[in-house]
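Given next are the chains, with one letter for each unit.
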Amino acid sequence: MSTVTADTTAGVRSAPGLVAPAAVVAATHARSSLVETLVQTLVMAWRALKKMRRNPEQFFDVTLQPLLFTAMFAYIFGGAISGNVHSYLPLLIPGIVAQTVLTTCMATGVTLREDMEKGVFDRFKALPMARIAPLAGPMTADLVRYLIAAGLTFFTGVLIGYRPSGGVLGVLGAILLSVITGWSLAWIFTWLGTITKSAKSVQGMSMLILFPLTFLSNAFVPVTTLPGWLAAFVKVNPVSHLVSGTRDLANRGAVSAEVGWTLLACLVVIAVFAPLSVRSYRRHL
Amino acid sequence: MTTTAAIEATGLVKDFGRFRAVDGIDLEVRQGEIFGVLGPNGAGKTTALRMLATLLPIDAGRARVFGVDVAAEPHRIRQLIGITGQFASVDEDLTATENLWLFGRLQGLRSAAARAAAGRLLEQFGLEEAANRPIAQFSGGMRRRLDLAASLITRLPLIFLDEPTTGLDPRTRGQMWDTIRGLVAEGCTVLLTTQYLDEADHLAGRIAVIDRGRKVAEGTPEELKASVGNSTLQLRLAPGADREAARQVVRRVAETEPVLTPESGRMNVPLATADRAADVLIGLRHAGVSIASVSVAQPTLDEVFFAITGHGADADAALDDTGSGESAPAATDHAVQEVQ
């Protein structure tokens, strides 16, 4: 059954000379350099992309959800909220973009948690690899997913009659903003992935965070229709800033203060959750 | 100038909640040797190895690998060690080539060098035909070989092998042994855990026997086996035979206590030399005890354990945390010779 040839007896490595432990010890270094960390992250991103290509069902959420939700919300709420479907679209599409990008973030945490349970992570942990690489790698690969989610939402919107006044540049800006936000917020879910016991609990906790954040925002309804106490929350909700920023870009082609607030919020999230994730990944052995 | 020990560990302790998995183990592994850690499932072998390999934090005690402190400088330790586990730790969704390329890149090889190393290892491990097949289609033996290959991409001075042959068929097992010997011939040091005395016997220069988180014996294979005799007479009594009479005969003739396995009427007698087997058989004939089958085998881990600890090797298998499902009975039926 096996095809092992006789040369396994002769020694496994053909490179000449003996291993010299003292020389290897002398050549070791205490941590990965910045360049090494970057390379390792990209290699881990390559791995994640390979896995995506071989498990295309991973793309269901980023393809079906934009198509389904955009059409559904537009036809169900359009008349009630904006009088007709067409005038609801400029309000709705950026909202759906924010929503799909956030749900995609959740998948990042769940996938990471599942992945970490596999034997191959033992090997990753035993390799001289920067501790951020196994986390940042898959997240970098997920940029593809955010891009699909945001792009497809705009595309569906255009199909059912949305004509963004911000033009192509505005829409591209809006997509870029949502991809950046998605990547940044994914650190929260990555952190959840490193502290929870199973992929299921990541999913459960993520839903608890996502639902209030997306629905208690201006994503689907104008804030003026809300009671005062709720409007107060909606105004500080970072998702509202993302939605407003995306609207400003797509509908007016304007880089407004909302865009700035969104980016600032992203930086804060990364600054807090990236170190937390690495710390808990390192401890979670 | 004295050379640094490959591994120098003192008083290693690991607690999982209230269960102490490793309870003060000392190890000294010299450069260039194969050191065997022998013990049943759940004895703490894997846990001790994972601590030395920076995969588990060390709760108490300290360990150095080539003089580098494991707890203080894990990143440097990871540049010195390769580890191959009981369960293949390769990526299921990637092909064999992709796996090796990935691990090579993560260890600092450039893309072309990693690809070259992958090709070379696949050829040496007889996997080149399967190079571009998904791992999901690999047999257990192929996976294990790929797993070992993944630990050998760069030249590492210390290789940890956690039960490298558990669950493998005898032929693949022999090939794995040859590979391990090849490593040492190149200057590597190997720390190997195993449940099989014959594996430790064939490969290891020195062996530590671990039981319930403690080291209960250490020595060369010869020293360990001498403590239980060099061979074992395995008897199966005929149905209805007088077991107590048989036991008396063994005590009188072989001057030792037989190890009984009541469920199948089996009786194992440790012997200093195989020659004594005939004496026991003649004694049984004289006592009128009839025998269903007879064989002489090397002492098994069970007997070494019984001799050293006073209880069987699988007595605490229930505590196993690393998966006992794969334990194969290969050790006992190895090298059995019929004497009839």
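Criteria and cut-off values
- Residues numbered from 1 in each chain as written.
- Chains lettered and ligands numbered in written order.
- Predicted model: local features only at pLDDT ≥ 70, side-chain atom pairs only at ≥ 80, totals over all residues.
- Helix = DSSP H or I, 4+ residues; strand = E, 2+ residues; numbered from the N terminus.
- Contact = placed C-beta atoms within 7 Å.
- Buried ≥ 20, exposed ≤ 12 C-beta atoms within 10 Å, placed from the backbone.
- Nonpolar A, V, L, I, M, F, W, Y, C, P; charged D, E, K, R; others polar.
- pLDDT = per-residue confidence, 0-100.
- Pairing = 2+ DSSP bridges.
- Axes fitted to C-alpha atoms, helices over the stretch in contact; angles between N-to-C directions.
- Core = buried A, V, L, I, M, F, W, Y, C linked by C-beta atoms within 7 Å.
- Parallel < 35°, antiparallel > 145°, perpendicular 65-115°, else oblique.
- Left-handed = near helix turned anticlockwise from the far one by under 90°.
- Expected span 1.5 Å × (residues − 1).
- Arc of directions from axis to C-beta.

Participant: Before we go on, may I ask you to explain the overall build of chain A in this structure?
Facilitator: Tallying secondary structure elements over chain A gives twelve helices and zero strands in all. Walking chain A from its N terminus toward its C terminus, one meets helices and strands in the order α-α-α-α-α-α-α-α-α-α-α-α. Its C-alpha atoms give chain A principal-axis dimensions of about 80 × 40 × 35 Å. Taking the intrachain contacts of chain A between residues at least 6 apart in sequence as the baseline, contacts between residues at least 24 apart amount to 78%.

Participant: What's the story with the overall build of chain B in this structure? I'm lost.
Facilitator: Each helix and strand counted, chain B has eleven helices and 15 strands in total. Here chain B holds 340 residues, and 50% of them are scored as buried.

Participant: Any chance you could explain the interface of chain A and chain B here in plain terms?
Facilitator: A common way to report how large an interface is uses the accessible area buried once the components associate. Of the residues lining the interface, 39 residues belong to chain A; the matching set on chain B comes to 53 residues. Looking at the side of chain A that touches chain B, the elements with two or more residues in it are helix 1 (21–27), helix 2 (34–54) and helix 5 (120–126) of chain A. A total of seven residues in the side of chain A that touches chain B trace back to one element, the largest contributor, which is helix 2 of chain A. The residue makeup of the side of chain A that touches chain B, split by class, is 18 nonpolar, ten polar and eleven charged.

Participant: Looking at this structure, I do not really get the confidence of the model for chain A. What am I missing?
Facilitator: On average, residues of chain A score 85 in pLDDT, and 93% of them reach the 70 mark or higher. Of the regions scoring below 50 in pLDDT, residues 1–15 of chain A engages in 33 contacts with residues more than four places distant in sequence or in other chains.

Participant: Whenever I open this one, the sheet that holds strand 1 (residues 7–16) of chain B confuses me. Can you help?
Facilitator: Within a beta sheet, neighbouring strands are joined by backbone hydrogen bonds and run either parallel or antiparallel to one another. All names here are of chain B. As summarised here, the arrangement of the four strands in space is 2-1-4-5, forming an open sheet in which the pairing is antiparallel. Two strands close off the open sheet at either side, each with one partner strand: strand 2 (19–29) and strand 5 (68–69). For strand 4 (residues 60–65) and strand 5, the ladder comprises two bridges, and the chain directions are antiparallel. Across the sheet, Val65 pairs through a bridge with Val68, a residue of strand 5. Seen against the sheet, helix 1 (residues 45–52) touches strand 1, strand 2 and strand 4 and runs at an angle of roughly 115° to strand 1.

Participant: Quick question: what am I supposed to make of the nonpolar core here?
Facilitator: One recurring pattern in soluble globular proteins: nonpolar side chains tend to sit buried together. By size, the foremost hydrophobic cluster in this structure holds 144 residues, and its most contacted members are B:Leu52, B:Val65, B:Ile81 and B:Leu100. Of all the elements, helix 4 (residues 85–116) of chain A adds the most residues to this core, at 15 residues. Setting aside residues no more than four positions away along its own chain, B:Leu100 makes contact with B:Ala117, B:Ala118, B:Leu121, B:Leu122, B:Ala149, B:Ala150 and B:Ile153.

Participant: What's the story with the environment of A:Leu64 in this structure? I'm lost.
Facilitator: Within the secondary structure layout, A:Leu64 lies in helix 3 (residues 60–82). Residues A:Leu64 and A:Ala149, 85 residues apart in the sequence, show an inter-C-alpha distance of 9.0 Å.

Participant: Looking at this structure, I do not really get the packing of helix 3 of chain A against helix 7 (residues 143–159) of chain A. What am I missing?
Facilitator: Each pair of packed helices can be described by the angle between their axes along with the distance between the axes. Residues and elements named next belong to chain A. Between helix 3 and helix 7, the least distance of the axes is 8 Å, while the angle of their chain directions is 30°. Taken together, the axes of helix 3 and helix 7 are roughly parallel relative to one another. Read as a crossing pair, helix 3 and helix 7 show a hand that is right-handed. Across the interface between the two elements, Val62, Thr63, Pro66, Leu67, Thr70 and Ala71 of helix 3 pack against Arg145, Ile148, Ala149, Leu152, Thr153, Thr156 and Gly157 of helix 7. Split by residue class, the contact of helix 3 with helix 7 holds seven nonpolar, five polar and one charged.

Participant: Help me understand the packing of helix 8 (residues 167–195) of chain A against helix 11 (residues 238–252) of chain A, please; the structure alone is not making it clear to me.
Facilitator: Residue and element names in this part refer to chain A. It is at 7 Å that the axes of helix 8 and helix 11 come closest, and there the two elements cross at 160°. With respect to each other, helix 8 and helix 11 are oriented roughly antiparallel. In the crossing of helix 8 with helix 11, the sense of the turn from one axis to the other is right-handed. Contacts between helix 8 and helix 11 involve Gly170, Val171, Gly173, Ala174, Leu177, Ser178 and Thr181 from the former and Leu242, Gly245, Thr246, Leu249 and Ala250 from the latter. Looking at the contact of helix 8 with helix 11, its residues break down into six nonpolar, six polar and no charged.

Participant: I keep staring at helix 12 (residues 257–283) of chain A and nothing clicks. Help me out?
Facilitator: In an α-helix there are 3.6 residues to a turn, and that puts residues three or four apart on one side. Along its 27 residues, helix 12 of chain A runs 39 Å from first to last C-alpha, staying within 8% of the 39 Å computed at 1.5 Å per residue. Among the residues of helix 12 of chain A, those classed as buried are A:Glu258, A:Val259, A:Thr262, A:Cys266, A:Ser277, A:Val278 and A:Tyr281.

Participant: Got a minute to help me understand the environment of B:Gly119 in this structure?
Facilitator: With respect to the secondary-structure elements, B:Gly119 resides in helix 4 (residues 111–124). Expressed as a C-alpha distance, the spacing of B:Gly119 and B:Arg181, which sit 62 residues apart in the sequence, is 22 Å.

Participant: I'm lost on the confidence of the model for chain B in this one. Help?
Facilitator: Should pLDDT be low for a region, the predicted coordinates there are not to be read in detail. Residues and elements named next belong to chain B. Looking at chain B, pLDDT values average 82 and 88% of them are 70 or higher. Note that pLDDT drops below 50 for residues 315–340; the model gives that stretch 44 contacts with residues more than four away or on any other chain. Taken over the whole predicted complex, pTM reads 0.78, whereas the ipTM for its chain interfaces reads 0.81.

Participant: Just checking my understanding: could you explain the sheet that holds strand 9 (residues 206–211) of chain B for this structure?
Facilitator: Residues and elements named next belong to chain B. Taken together, six strands build an open sheet; the order of strands is 6-7-8-3-9-10 and the sheet is mixed. The open sheet has two edge strands, strand 6 (81–84) and strand 10 (214–219), and neither has a second partner. The average angle at which neighbouring strand axes cross in this sheet is 15°, direction not considered. One ladder, built from four bridges, connects strand 3 (residues 34–38) with strand 9; its direction is parallel. Bridge pairing links Gly36 to Ile207 in strand 9. Running over the sheet, helix 6 (residues 170–185) touches strand 3, strand 7 (158–162) and strand 8 (189–194) and is turned about 150° from strand 8.

Participant: What exactly am I supposed to notice about helix 7 of chain A here?
Facilitator: Residue and element names in this part refer to chain A. Over its 17 residues, helix 7 extends 24 Å from the first C-alpha to the last, a length consistent with the 24 Å expected when each residue adds 1.5 Å. Residues of helix 7 that are buried include every one of Arg145, Tyr146, Ala149, Ala150, Thr153, Phe154 and Gly157, and no others. Projected down its long axis, helix 7 carries its buried residues within an arc of 160°, all on one side. Two residues or fewer after helix 7 comes Gly161, characterised by a positive phi angle close to 115°.

Participant: Looking at this model, I keep getting lost on the pairing of strand 10 of chain B. Mind explaining?
Facilitator: Consecutive residues of a regular strand have side chains that alternate between opposite faces of the sheet. Residue and element names in this part refer to chain B. The pairing of strand 9 with strand 10 spans five bridges and is classified as antiparallel. Bridge assignment links Asp211 to a residue of strand 10, and that residue is Arg214. As consecutive antiparallel partners, strand 9 and strand 10 are separated by two residues, and within that stretch Arg212 has a phi angle of approximately 50°, a positive value.

Participant: Any chance you could explain unusual backbone geometry here in plain terms?
Facilitator: A negative phi holds for most residues other than glycine; trans holds for most peptide bonds. All names here are of chain B. One non-glycine residue, Phe66, adopts positive backbone phi at about 50°. Within the fold, Phe66 resides in the loop between strand 4 and strand 5. The class for Phe66 is buried, based on 23 C-beta atoms found within 10 Å. Unlike most non-glycine residues, Arg212 shows phi in positive territory, near 50°. Examined against the element boundaries, Arg212 turns out to sit in the loop between strand 9 and strand 10.

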